[in-house]
Amino acid sequence: MKLDRKDILKALETITIAGEGKNMVESGAIANVLTFGDEVVVELVLNTPAMHIKKRAEDDIKKTILEKVSADAKIKINSKVEVPEKAEIKGKSIPGIKNIIAVASGKGGVGKSTVTANLAVTLAKMGFSVGVLDADIYGPSMPIMFDVENEKPTSITVDGKSKMKPVESYEVKMLSIGFFTAPSQAVIWRGPMASKALNQMIFDANWGELDFMLIDLPPGTGDIHLSIMQSLPVTGAVVVSTPQAVALADAKKGVSMFLSEAINVPVLGIIENMAYFTPEELPNNKYYIFGQEGAKNLAQDLDVPFLGEVPIVQSIREAGDYGRPAAMQTGSVVASVFEEITRKVVEETISRNQNLPASEAIKITTMAGCSAVKK
């Protein structure tokens, strides 16, 4: 049986690339279709590097041809990503820091700081050089989680300038407003003061060479978030949520903030924290206390990667309180969970850097909003 190229193109007009309005043929995603008897070769060109979108597009093409043209067709798909020319990074970058990852949540209490701390120590265990900037000005928790609550950054001279030397714990460098205030002292600052303090911790510090800087953002989508993205070209964002509807609604807003035209920071994925509870005496049982796969479904709805589930485990809370992140418990279930999630974060970061232009720091243009810095 000989396949007709026109029939194939007509069939492919019924499907679209995820996130695009036009069909595959109209949008130019189908660069060419070649037929050889019962064989068909489809040249697919994508503008998005995400592996899950590529796989979905290829699956849709195969399914459509088999259903609408011929169930006996032998299909080969040659896919490629057209990489946009990498833009010059605008705004003020930090020399020596390769990737800046913002860890965010739409609301408080979802375990964002706990996830940040465990991602950091897992990256360090994998051999990466890591730094953590605790940007939660009003509720800094990193000093407690890394057992350095009583430490103070020292001053060193670099190229004739005085710089702060970040506190180091478990091979992770960190700075936090918590190092500069008493544990019982509330930080009662307006936005501009908080932003100035953040800028000092970012640019007046000697971070050295880092593969990853993780920024632990406060809850919400407010002034601190804008200040960070105004100051730095953020590589990508990781959003943390719990499975219940209230948290998911706010997580959706967090994702929306990063993907908005004005901010335009790639979302590397969503992590579902407190996903389920497994009693120690019943290791094969999972109890979905806050709902099942809510964040996973949200990731699918928003077409962003799902990075994994973190269970409710008492040792995670205890380890954070004792100042030794649970991911350091070699061979434990918790360590395995964070290793898998961290591996996906690294994979998404590599994919993002290979296939997307460099992020731009944004600038505030009006009292109502912001825009990307332009030449």
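Residues numbered from 1 in each chain as written. Predicted model: local features only at pLDDT ≥ 70, side-chain atom pairs only at ≥ 80, totals over all residues. Heavy atoms only, no water.

## A closer look at unusual backbone geometry
Across residues other than glycine, the phi torsion is negative in most instances, and most of the peptide bonds are trans.
Argument step 1. At D147, a position not held by glycine, the phi torsion is positive, near 55 degrees.
Argument step 2. Residue position: D147 is located in the loop between α5 (142-145) and β6 (154-158).
Argument step 3. A positive phi angle is found at D303, which is not glycine, with a value near 60 degrees.
Argument step 4. You can see D303 is positioned in the loop between α9 (294-302) and β13 (306-312). (Helix = DSSP H or I, 4+ residues; strand = E, 2+ residues; numbered from the N terminus.)

## Some thoughts on the environment of I17
Argument step 1. Looking at where I17 falls in the secondary structure, it is placed in the loop between α1 (5-12) and α2 (24-27).
Argument step 2. Exposure remark for I17: the relative accessible area of 4% places this residue in the buried category.
Argument step 3. Along the chain, I17 and N47 lie 30 residues apart, while their C-alpha atoms are 9.8 Å from each other.
Argument step 4. I17 has contacts with M24, A29, L44, L46, I53 and A57, leaving out every residue within four places of it along the chain. (Buried < 20%, exposed > 50% of the residue type's maximum accessible area, 1.4 Å probe, protein only. Contact = heavy atoms within 4.5 Å.)

## Remarks on the pairing of strand β4 (residues 97-104)
Argument step 1. Here β4 lies mainly inside the structure; seven of its eight residues are buried.
Argument step 2. As paired elements, β4 and strand β11 (residues 236-241) share four bridges and run parallel to each other. Across the sheet, A104 pairs through a bridge with V239, a residue of β11. (Pairing = 2+ DSSP bridges.)

## A word on the packing of aromatic side chains
Argument step 1. Throughout the structure, instances matching the rule amount to three aromatic pairs.
Argument step 2. Look at F128 and F212: their rings are 5.2 Å apart centre to centre, the planes differ by 90 degrees, and that puts the pair in the edge-to-face class. Placement of the pair is F128 in the loop between α4 (112-125) and β5 (130-134) and F212 in strand β10 (residues 210-216), with a sequence separation of 84 residues.
Argument step 3. F212 sits in the buried class, given a relative accessible area of 3%.
Argument step 4. Ring geometry for F146 against Y170: centres 6.2 Å apart, planes inclined by 35 degrees, an arrangement best described as tilted. Here Y170 lies in the loop between β8 (167-169) and β9 (172-176) and F146 lies in the loop between α5 and β6, a separation of 24 residues in the sequence.
Argument step 5. We classify F146 as buried; its relative accessible area is 0%.
Argument step 6. Over the face of the ring belonging to Y276 we find K286, whose NZ or CZ atom lies 4.5 Å from the ring centre. (Phe/Tyr/Trp six-rings, centres within 6.5 Å; stacked < 30°, edge-to-face > 60°. Lys NZ or Arg CZ within 6 Å of the ring centre and 35° of its normal.)

## As for a nonpolar patch on the surface
Argument step 1. Taken together, the side chains of F277, L282, Y287, I289 and F290 make up a nonpolar region of the molecular surface, amounting to roughly 430 Å² of accessible area.
Argument step 2. Along the chain, F277 falls in strand β12 (residues 267-277).
Argument step 3. Using a relative accessible area of 33% as the deciding quantity, one classes F277 as partly exposed. (Patch = residues over 30% accessible without salt bridge, like charges linked within 9 Å, V, L, I, M, F, W, Y side chains within 5 Å. Areas by Shrake-Rupley, 256 points an atom, 1.4 Å probe, with all protein chains shown as cover. Salt bridge = Lys/Arg side-chain N within 4 Å of Asp/Glu carboxyl O.)

## Some words on the sheet that holds strand β3 (residues 74-81)
Argument step 1. Strand order across the open sheet formed by three strands is β1-β2-β3, with mixed pairing between neighbours. Either end of the sheet is taken by a strand with one partner, and the two such strands are β1 (30-36) and β3. Shown here is a sheet whose adjacent strand axes are inclined to one another by a mean of 15 degrees, direction ignored.
Argument step 2. Bridge analysis of β1 against strand β2 (residues 39-46) gives six bridges, and the strand direction is antiparallel. Along β2, the bridge assignment pairs F36 with E39. (Axes fitted to C-alpha atoms, helices over the stretch in contact; angles between N-to-C directions.)

## Structural notes on helix α10 (residues 314-322)
Argument step 1. Of all the residues in α10, the buried ones are I316, A319 and G320. Buried residues in α10, looked at end-on, bunch into an arc of 100 degrees, giving them a common side. Exposed and facing more than 90 degrees away from the buried side of α10 are Q314 and Y322.
Argument step 2. Where α10 is buried, its residues touch α4, α5, β13 and α11 (333-355). (Arc of directions from axis to C-beta.)

## As for the packing of α1 against helix α3 (residues 51-68)
Argument step 1. Between α1 and α3, the shortest axis-to-axis distance is 9 Å and the interhelical angle comes to 120 degrees. The angle between α1 and α3 places the two elements in the oblique class. You can see that α1 and α3 cross each other, and the crossing is right-handed. Listed contacts from α3 to I8, A11 and L12 of α1 are I61, T64, I65 and K68.
Argument step 2. Tallied by class, residues from the contact of α1 with α3 come to five nonpolar, one polar and one charged. (Parallel < 35°, antiparallel > 145°, perpendicular 65-115°, else oblique. Left-handed = near helix turned anticlockwise from the far one by under 90°. Nonpolar A, V, L, I, M, F, W, Y, C, P; charged D, E, K, R; others polar.)

## What to know about the pairing of strand β7 (residues 161-165)
Argument step 1. Where β6 lies against β7, five bridges are found, and the strand directions are antiparallel. Across the sheet, the residue bridging to V158 is K161, located in β7.
Argument step 2. Connecting β6 to the next strand, β7, in antiparallel fashion are two residues, including D159 with a positive phi near 55 degrees.

## Quick word on the pattern of salt bridges
Argument step 1. Scanning the entire structure with this criterion turns up eight salt bridges.
Argument step 2. Among the ionic pairs, K125 bridges to E339, the shortest N-O distance being 3.6 Å. Within this pair, whereas K125 is found in helix α4, its partner E339 is found in helix α11, the two being separated by 214 residues in sequence.
Argument step 3. Notably, a salt bridge pairs E340 with R343, separated by 3.1 Å at the nearest N-O pair. Of this pair, E340 and R343 both sit in helix α11, separated by three residues, roughly a single helical turn.
Argument step 4. Residue E340 is classed as partly exposed on the basis of its relative accessible area, which comes to 38%.
Argument step 5. On the basis of relative accessible area, R343 is assigned to the partly exposed category, the value being 38%.

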